[in-house]
Amino acid sequence: MTDLVTTEKPEPFPIGKRLALAFGAVTVLAALQGISHVFLVSNVAEAVGQMQHEEHAIRGGLELAKSIREQYMHAAHTIIAGDRSHLDHYASWVTRAQQGASDLKAVAPSSAQWRLDRVIARSKALDQIFRERILPAQDRGDLASVRRAHFEATLLSERAAQDADAIARVFEGRMAQSHVDTTHTTRLGFALAFGGILLIVIVAVVSTVQLRTAVIAPLRRLTEAAIDIGHGKFHGPVGAVGHGEFRELASAFELMTEELKKREEQLVQSERMAAIGQLAAGVAHEINNPIGVIRGYLRTMLPEAQGDTLKEELRILDEEAEACQRIAEDLLAYARAPEVTTGEVDVGALLEESARRFMATEEAAHVGVEVRARACVIQADAVRLRQVIANLLRNAVQAGSKEIVVVGERSSDFEYVFRVADRGAGMSVEQRARAFEPFFTGRKGGTGLGLAVCQGIIRAHAGTIVATNRHGGGSELVVTLPVRASQVP
């Protein structure tokens, strides 16, 4: 498996948050663009409405100028024709001129109000001159008075028409400005639309590239690691792959890899131990029978032996044969799967009883055993546990310890722990790691099967046994048993 460790960097947002931020950013940009479009469209619609209003005002200004001119033209026609046939038309144009000016005052800017007032005043003055001076003078035949009055009327008409034209130009200027504003607003709308779309595309592309980097690369690396594991390559850590959820996944993947590695090692160890057990059972069975025959002959020869030397030699032969027989029995005990028959057992009382029995043996004659065990009833096989305790005490004596301490107590509501501590030579790191392997021993003449057998019995009780060094020198074997143990096949 390749080394997938990456350089530590500040932890970014997890993938879920990054996805939410990316989609949120695109959504917000789209919403802002939509709001800006609505705002711009409303401004354009308002500007168009203003242009229509200005167009109506322009028509009103042009109509006002026309009305002033028509008023004067009908007055002039009356003077030239010398009759009053156009007075009705004249009166209607006067009314239209003054009414038009009054209507425009409601929509005209303040800068044009004074012109409208002047147009109204001049229209009235023109009408007054026509009615009070020109018509009476014409009726009298006073042409000189008619000419003077007509000259004044002409000046008033021209000036009023100029004011009306100026008012129309004011409205035209406003309309032109509205047209410019509408054009600018429309162009701004197009620019915002294009810029918004471009920004959304950029954000989407950048987010996609970043998310692809954050997702695809870790997936590829995890895939490579999974392929390596599938090929049985457990070497090398997975390491910190990706960020956020992928880093958590990589950690879980690494834990799974370590667990698979341990399970594979345990499986290999179990298969190796099973093979060793089958071999040991066959060897022990084949050795045990001839050793039994040898010991039988030695027992019949000892009473008939002549001389102390011969008797001593035969006794030594019997002891060595007994040692071989014990080794064969240990091999058979290791090879057989331990069968436990559970019942209610007071572990504290069992520890004290086992210690008393051991102290009554010859090998414990010069050893002191101290027991401090609290009572606790569990489901266990008393005979098998007594065998474990005796083996642990015997190992402590064989380690050269002259004092042994046995402590038992409840470590929790569900576990009972007892320790067998000695002041022997202690164990090295390698010895602690291999203490429960069969045929491994740090003692000259040992078989290396005692602790292996103990481990099998404790595991059959769903418990654990570990070896540690004791503070101040010596070793300590720690056994943990479940308070409510169930038999493990």
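Scroll up to find the structure this text is about.
Residues numbered from 1 in each chain as written. Predicted model: local features only at pLDDT ≥ 70, side-chain atom pairs only at ≥ 80, totals over all residues. Heavy atoms only, no water.

Asker: How do you make sense of the nonpolar core when you look at a structure like this?
Answerer: When a protein is soluble and globular, its nonpolar side chains tend to lie buried together. In this structure, Leu 351, Leu 392, Leu 393, Ile 404, Phe 418, Ile 465 and Leu 477 are the most contacted members of the largest nonpolar core, which totals 39 residues. When residues in this core are grouped by element, the largest group, seven residues, is from helix 8 (residues 382-398). Leave out the neighbours within four places in its chain, and Ile 404 touches Val 367, Gly 368, Val 369, Glu 370, Leu 393, Ala 396, Val 397, Val 420 and Ala 421. Of all hydrophobic cores here, the second largest spans 18 residues; its members include Ala 101, Ala 160, Ala 164 and Ile 167. (Core = buried A, V, L, I, M, F, W, Y, C linked by side-chain atoms within 4.5 Å. Buried < 20%, exposed > 50% of the residue type's maximum accessible area, 1.4 Å probe, protein only. Helix = DSSP H or I, 4+ residues; strand = E, 2+ residues; numbered from the N terminus. Contact = heavy atoms within 4.5 Å.)

Asker: I keep staring at the pairing of strand 6 (residues 464-469) and nothing clicks. Help me out?
Answerer: A regular strand carries its side chains on alternate faces of the sheet. Sheet topology note: the strand 6/strand 7 (residues 475-482) ladder contains six bridges and is antiparallel. In the sheet register, Val 466 faces strand 7, and the bridge partner there is Val 478. (Pairing = 2+ DSSP bridges.)

Asker: Please explain the packing of helix 7 (residues 347-359) against helix 8 as it appears in this structure.
Answerer: In helix packing, the relevant descriptors are the interaxial angle and the interaxial distance, both defined with respect to the helix axes. For the pair helix 7 and helix 8, the least separation of the axes is 10 Å and the interaxial angle reads 50°. The orientation of helix 7 with respect to helix 8, classified from their angle, is oblique. For the crossing formed where helix 7 meets helix 8, the hand is right-handed. Only Ala 382, Leu 385, Arg 386, Ile 389, Leu 393, Arg 394 and Val 397 of helix 8 make contact with helix 7, whose side of the interface consists of Leu 350, Leu 351, Glu 353, Ser 354, Ala 355, Arg 357 and Phe 358. Partitioning the contact of helix 7 with helix 8 into residue classes produces nine nonpolar, one polar and four charged. (Axes fitted to C-alpha atoms, helices over the stretch in contact; angles between N-to-C directions. Parallel < 35°, antiparallel > 145°, perpendicular 65-115°, else oblique. Left-handed = near helix turned anticlockwise from the far one by under 90°. Nonpolar A, V, L, I, M, F, W, Y, C, P; charged D, E, K, R; others polar.)

Asker: Hey, could you run me through the pairing of strand 4 (residues 403-412) in this one?
Answerer: Of the strand pairs in this sheet, strand 2 (residues 368-373) and strand 4 are connected by six bridges, and their pairing is parallel. Across the sheet, the residue bridging to Glu 370 is Val 405, located in strand 4. One ladder, built from eight bridges, connects strand 4 with strand 5 (residues 415-422); its direction is antiparallel. Note on strand 5: the bridge partner recorded for Val 405 is Ala 421.

Asker: What am I meant to see in the pattern of salt bridges here?
Answerer: Where charged atoms from two side chains of opposite charge come close, those side chains can pair. Applying the stated criterion to the full structure yields 14 salt bridges. In this structure, Asp 163 engages Arg 115 in a salt bridge whose closest nitrogen and oxygen atoms are separated by 3.1 Å. Taken as a pair, Asp 163 in helix 4 (residues 143-230) and Arg 115 in helix 3 (residues 110-140) lie far apart in primary sequence, 48 residues in all. Since its relative accessible area comes to 3%, Asp 163 is described here as buried. Glu 353 is paired through a salt bridge with Arg 386; the nearest N and O atoms lie 3.5 Å apart. With Glu 353 in helix 7 and Arg 386 in helix 8, the pair connects residues that are 33 residues apart, well separated along the chain. (Salt bridge = Lys/Arg side-chain N within 4 Å of Asp/Glu carboxyl O.)

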